[in-house]
Amino acid sequence: MIAQATRIAIRIAAVGLWAFCPSVCLADDSAAVSAGSAIEELRTLVDQSWVLLAAGLVLLMQAGFLCLESGLSRAKNGINVALKNVADFCLSILLYWAFGYGLMFGASVAGLVGTDGFLLNAGATAWSLTFFLFQVTFCGTATTIVSGAVAERIRFGGYLAIAAVVSGLIYPVFGHWAWGGAVPGTDAGWLARMGFIDFAGSTVVHSIGGWVSLAAVILIGPRTGRFGDNPSPMNGHNLPLAMLGVLLLWFGWLGFNGGSTLAMNASVPGILVNTCLAGALGGVAGVAASLLFVGRVNAPDVMNGVISGLVGVTACCHILSPAASALVGLSSSVLCFAAARLLNRWRLDDCVGAVSAHGVAGAWGTLCVALLAADGAWGTGLNRWSQLGVQAVGVGVAFLWAFGASFVVVHLINRFYPLRVSLEAEAQGLNVAEHGASTEVLDLLTAMQRQEVTGVFSESVAVEPHTEVGQIAVGYNRVLSKFNNETALLKEAKAESERLNKQLVDAAHRAGKAEIATDVLHNVGNVLNSVNVSAGLVLERLESKHAHRVEQTADLINEHLDDAGAFFGSARGSALPGFLRQVARGLEEDLFEATRELLSLMERLNHIKAIVATQQTHAALSGMTEPVCLARLVEEAELLNSSSFDRHDVEVLRQYDEDLPTIMVEKQKVLQILVNLLRNSKEALVAGRTEGRRMVVRLARLDEVNVLLEVTDNGIGIASGNLAKIFGHGFTTKHDGHGFGLHSCANAAKEMGGSLTAHSDGEGRGASFRLVLPLQPQEALV
């Protein structure tokens, strides 16, 4: 090693002496030959070193694509997208080594395809190995462009099949047409012979990847919910990661464009400057376009603006002035912005904007070779318009070949191996569905969502000890414990209320009457209904509040699924356990107040028990009539049900005749019927509709001796087979009913000399109950 270093040092010294002191060092011709050989060897070594370094920079672009695409995907698919970027690069290297490189740079057959150089001969030179390494990174770039476009809905195996076709066939064949002949001793491809110029691959690499992406997007279809009546934007879950990806791509692009000289020469600095200017102007144009048309700086527009600028200048950075390069970046960004909006209008779902940023911008940049370079700078001997025609042919052929071939191949693959994941897998996320890749945060969120869907909160969620997620789980379990304890008390109070209600019904059965004694109905029935409603409201409020807190916690966790470490290290994330403790304390205070209310209700229930016991001995009281204003009686019945109406958004409409007389009836019996009818109508509305719940109460004078009270709703309706038996004793359609309410109401109406009938056009078409009462059933008690 020391000897080799010494030889290199001597050669460098010889070069220096030859370059600066030729009269001293070149004493004879042999010395000149020796110095010239040393210079050539050193130049070759420097050129190889530069291309190898450039290959490493282009390889870094794979990391940029990984960050960009996974950051612009939703969290549930981020691992899948990252894994595709690693796997497709591995696959493209193997296929390009096996035959892709040979197809692209082998000995040409009529300028159409290469025929040798497969598997790289064992005796390959250092330069050919360097050239292969540089070119294989280009192949990987063209292939991985497709990954982002079809993200979040393609099967992993299906994507690898598409990647194999791109890296093994579509990319190397077109590459031969445009770049064939780059290896000394081989013939040029047919496009290259025409004078087509694409310095570093705006079309050969980027447009090829973009047009394959377009075909795949069309055939696979958009993500579920992306378009339609209620479209979802489906924003990326980690935009900072995506922006890091853009910067990595930018850095790698220095090797992409600078290394395409295949030598460290005087043109490299200008190429690198032009590359950076185009990227910068592309980003600025993205900022301006999003401000002008979106009203804010939209991160994806800025990122794709930078990328499109870099893509556009790739074909012409070696012959443009810095000002022209900046113009290419600016115009490429504008075209990318417009193309992305056009794709959305056509409902083509490109997850990361690959078609517009790579396909469209790459085509435009290739045309700019003839449009913006100095006249004749392309060196083909063609004038500007002839060169533009050749460039347009290359761009058009690239589209026809990449889009057409991939459309056919992807269509065939899809017929025998469906590329689209199932709806269930898409909803679950490809991280889990395709790879079984879960995280602590995802496991906790899944457990919380399962409880939200099932409504079962009796089991605690699993706790991962000594982690931030574990602290959240512990706090959540405390909330669950409080909720379950207080819910048990509420259910116990509600069960006691229902037991008392059943006791009243049983008392009515034993007495053989349609209702319990008037005093019980008046003094107990309304109070008991109020107790039931109050208990239900307390329970409903507690459950709703808990669900709201759970949803807030779930949303916060979901927002930071993929950056949990960074989030929990931040001020906001570290405060989350404290926030949960505050939620628990607040819930405990709310539950304490609810418990006090329940204790009060329990005392009222005990008082009702005493009233029931006393009044059961007087259940036979009836027959007491008094003058009654039906409109006021309806208002009283509505008042008893008002909280329930408000809770379920029931609209009550009144239709009263103007000349309604005062009638002589047993007021408590009529009130019982009205309360029952209104409650039944409300329940039919809740069961049959989610909105537009409407009830109409009509009061009218039928003739000289009768009045009509009619309750109509647009609820669940009554089956035709049930109309004949709806007033029968014990008949009910409710899972918790006893079949006594309407039967007792019909009997009460009959006892007062009236009638109660029902009408419905069938299930789902509403129902109407008509109570007819006589004006003067008997002498009124004054």
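For the structure, check the block above.
One structure accompanies this document, and this report is about it. (Residues numbered from 1 in each chain as written. Predicted model: local features only at pLDDT ≥ 70, side-chain atom pairs only at ≥ 80, totals over all residues. Heavy atoms only, no water.)

1. Some details on the environment of Leu91
Applicable threshold: Strands here are runs of E lasting at least two residues and helices are runs of H or I lasting at least four, both read from the DSSP assignment and numbered beginning at the N terminus. For each residue, the accessible area found with a 1.4 Å probe, counting protein chains only, is set against the maximum for its type, and the residue is called buried under 20%, exposed over 50%, and partly exposed in between. The contact criterion used throughout is that any non-hydrogen atoms of two residues lie within 4.5 Å.
For Leu91, the position within the fold is in helix α4 (residues 78–105). Residue classification places Leu91 among the partly exposed residues on the basis of a relative accessible area of 23%. Those residues within four positions of Leu91 in sequence are excluded, and the remaining contacts are Leu160, Ala163 and Ala164.

2. Section: the pairing of strand β7 (residues 706–713)
Strand residues, when the strand is regular, have side chains that alternate between the two faces of the sheet. Threshold: Strands were regarded as paired on the criterion that DSSP finds at least two bridges between them.
Counting buried positions along β7 gives seven out of eight residues, so the element sits mostly inside the fold. Pairing of strand β6 (residues 694–701) with β7, which is carried by seven bridges, proceeds in the antiparallel orientation. The residue of β7 that forms the bridge with Arg701 is Val707. In sequence, β6 turns back onto β7 through a hairpin of four residues. Alignment of β7 against strand β9 (residues 767–774), held across eight bridges, turns out to be antiparallel. Paired with Leu709 across the two strands is Leu771, which belongs to β9.

3. Details of the sheet that holds β7
Note the following rule: Simply put, an axis is a line fit to the C-alpha atoms, just over the touching stretch for a helix, and the angle between two N-to-C directions goes from 0 to 180 degrees.
Taken in spatial order, the five strands line up as β4-β6-β7-β9-β8 in an open sheet, and their pairing is mixed. Bordering the open sheet on either side are β4 (651–656) and β8 (755–759), each of which pairs with just one other strand. Strand after strand, the sheet turns through a mean of 15 degrees between neighbouring axes, direction not considered.

4. Some details on the packing of helix α24 (residues 667–688) against helix α25 (residues 741–751)
To keep it simple, the criterion reads: Should the near helix be turned anticlockwise from the far one by less than a right angle, the crossing is termed left-handed; should it be turned clockwise, right-handed. Residues were grouped as follows: Ala, Val, Leu, Ile, Met, Phe, Trp, Tyr, Cys and Pro as nonpolar; Asp, Glu, Lys and Arg as charged; and all remaining residues, including Gly, as polar.
Packing of α24 against α25 leaves a shortest axis separation of 10 Å and a crossing angle of 145 degrees. Every pair of crossing elements has a handedness; the one defined by α24 and α25 is left-handed. Facing Lys669, Gln672, Ile673, Asn676, Leu677 and Asn680 of α24, the residues of α25 in contact are Gly741, Leu742, Ser744, Cys745, Ala748, Ala749 and Glu751. Its residues assigned to classes, the contact of α24 with α25 shows six nonpolar, five polar and two charged.

5. A word on the nonpolar core
The criterion, for reference: Buried Ala, Val, Leu, Ile, Met, Phe, Trp, Tyr and Cys residues form a nonpolar core when they are joined through side-chain atoms within 4.5 Å.
Of all hydrophobic cores here, the largest spans 100 residues; its most connected members are Tyr96, Tyr171, Phe174 and Trp179. The leading source of residues in this core is helix α6 (residues 156–179), at twelve residues. In this view, Phe174 contacts Leu191, Thr203, Val204, Ile208, Gly394, Val397, Ala398 and Trp401; residues no more than four positions away in its chain are not counted. In terms of nonpolar packing, the next biggest core, distinct from the first, is built from 40 residues, Ala637, Val670, Leu709 and Cys745 among them.

6. A few points about the packing of aromatic side chains
Put simply, the rule reads: Aromatic rings from Phe, Tyr and Trp, taking only the six-membered ring of Trp, are treated as a pair when their centres fall within 6.5 Å; an angle between ring planes under 30 degrees marks them as stacked, one over 60 as edge-to-face, and anything in between as tilted. Counting as a charge over the ring demands two things of the Lys NZ or Arg CZ atom: a distance within 6 Å of the ring centre and an angle within 35 degrees of the ring normal.
One pass over the structure, following the stated rule, counts 19 aromatic pairs. Judged by centre distance (4.9 Å) and plane angle (70 degrees), the ring pair of Phe105 and Phe131 falls under edge-to-face. With Phe105 in helix α4 and Phe131 in helix α5 (residues 126–149), the pair connects residues that are 26 residues apart, well separated along the chain. The class for Phe105 is buried, based on a relative accessible area of 4%. Phe131 sits in the buried class, given a relative accessible area of 4%. By the ring-pair criterion, three or more aromatic residues cluster together here, those being Tyr96, Tyr101, Phe105, Phe131, Phe132 and Tyr171. Lying over the aromatic face of Phe337, Arg341 brings its terminal NZ or CZ to 3.9 Å of the ring centre. It is Arg415 that lies over the ring of Phe416; its NZ or CZ is 6.0 Å from the centre.

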